[in-house]
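The primary structure of each chain is shown beneath.
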Amino acid sequence: MKLKKWIFVLCSFLASFFLVACQSSSSSSQSTVEAIKQKGKLVVATSPDYAPFEFQALVDGKNQVVGADIDMAQAIADELGVKLEVSSMSFDNVLTSLQTGKADLAIAGISATEEREEVFDFSIPYYENKISFLIRKTDHEKYKDLDSLASANIAAQKGTVPESMVKEQLPKAQLTSLTNMGEAVNELQSGKVDAVHMDEPVALSYATKNADLAVATVSLTMKEGEENAVAIKKGNSDLKEVVDKVIQKLKDDGTYQTYLEKAAKLTEVEQKKITEAGTKVLASQLSLDYQARRSG
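The rules behind the values
For every chain, the first residue of the written sequence is number 1, and numbering continues from 1 onward in sequence order. Thresholds applied to this predicted model are a pLDDT of at least 70 for local features of residues and 80 or more for the giving and counting of side-chain atom pairs; totals over whole chains, interfaces and linings are not thresholded and use all residues. Values shown for side chains rest on all heavy atoms present in the structure; no hydrogens or waters enter the calculation. Definition of nonpolar core: a set of buried residues of the types Ala, Val, Leu, Ile, Met, Phe, Trp, Tyr and Cys, connected through side-chain atoms within 4.5 Å. Each residue gets one of three labels from its accessible area relative to the maximum for its type: buried under 20%, exposed over 50%, partly exposed in between, using a 1.4 Å probe on protein chains only. Pairs of residues are marked as contacts when any of their non-hydrogen atoms sit within 4.5 Å. All axes are obtained by fitting lines to C-alpha atoms, using only the stretch in contact for helices, and the reported angles, taken between N-to-C directions, cover 0 to 180 degrees. Secondary structure elements follow DSSP: runs of H or I no shorter than four residues count as helices, runs of E no shorter than two count as strands, and numbering proceeds from the N terminus. Roughly parallel here means an angle under 35 degrees, roughly antiparallel means over 145, roughly perpendicular means 65 to 115, and every remaining angle is called oblique. Definitions for this section: a left-handed crossing has its near helix turned counterclockwise from the far helix by less than a right angle. A right-handed crossing has that turn clockwise. Each residue gets one label: Ala, Val, Leu, Ile, Met, Phe, Trp, Tyr, Cys and Pro are nonpolar, Asp, Glu, Lys and Arg are charged, and the others, such as Gly, are polar. Strand pairing is defined by DSSP finding a minimum of two bridges between the two strands.

Chemist: Quick question: what am I supposed to make of the nonpolar core here?
Modeler: Nonpolar side chains in soluble globular proteins tend to be buried together. Among the nonpolar cores identified, the biggest contains 47 residues, and L42, M72, L105, L134, M198 and Y256 are the most heavily contacted of them. In this view, L134 contacts V185, L188, D194, A195, V196, M198, A203, Y206, A207, L213 and A214; residues no more than four positions away in its chain are not counted.

Spelled out as structure tokens, the structure:
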């Protein structure tokens, strides 16, 4: 009888062990999409200082992160059937947030460079970049070719493709790398830098809202394959599949272009509010300068 009892105990132990092992294996093999659906939200890291892609605006009296990329993020969240949570930070922390697991996706006008592809997976491209120089309107005739910018003081956002392009193609220029794009534009307007290198839609957005600024006719050469794409943690192939599906649809039916147009109109509306208010502090916030955010 004792032998049978010990056999029963041993079998019970083994059964419990294998049950726990199977549950552990099932948990560890849970897909990224399943994990996102289980927590009920998609966390997207972004840097909201790059209109019309992502920026801050007053919507229904509340300061919110909006823009074409945010609308795209919402479309991805809708496809997954979860809520969208936007996590705002400086651009040089966006990919770090993704890598450490604090965010599920990074969407911030990010170019899928070869260096980044070694660390992250990327979606199919959703926007083909064109990079331009934002300058003071009074210097429009001064900066008409690359020679005129060869020794200029040029600002760019830290950790971006525009920054690396200046390093590579204008090695004698004085490069000022700044964390916040609004800060770079302030430096330009105050005369501390001669130009700011950034995505053309962003440059056009600033030029539209600031009568003293303009987009230069000269530009640097972009490498092939550096279009904007969504950054995804390595190996999350199931999430990439969903993101690619959404992006392809948004491109095919012209919806992403509609997002860009809507964002451009929103910045114009916000600029009108600024003019009517006549408040410099509010203007700095809504024209994407974000002085208050930097001090906070």
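Chemist: Would you explain the packing of helix α3 (residues 68-80) against helix α10 (residues 237-252) in this entry?
Modeler: For any two helices packed against each other, the geometry comes down to the angle between their axes and how far apart the axes lie. At their nearest, the axes of α3 and α10 sit 10 Å apart, and the two run at 125° to each other. Judged by the angle between their axes, α3 and α10 are oblique. When you trace α3 past α10, the crossing you get is right-handed. Of the residues in α10, those touching α3 at M72, A75, I76, E79 and L80 are L239, V242, V243, K245, V246, I247 and L250. Looking at the contact of α3 with α10 residue by residue, the class counts come to ten nonpolar, no polar and two charged.

Chemist: Teacher, can you tell me more about the pairing of strand β3 (residues 62-66) here?
Modeler: Walk down a regular strand and you will see the side chains alternate between the two sheet faces. In the sheet, strand β2 (residues 55-59) pairs with β3 via five bridges, with the strands oriented antiparallel. Paired with Q56 across the two strands is V65, which belongs to β3. The hairpin formed by β2 and β3 contains two residues between the paired strands, and D60 there has a positive phi angle of roughly 55°.

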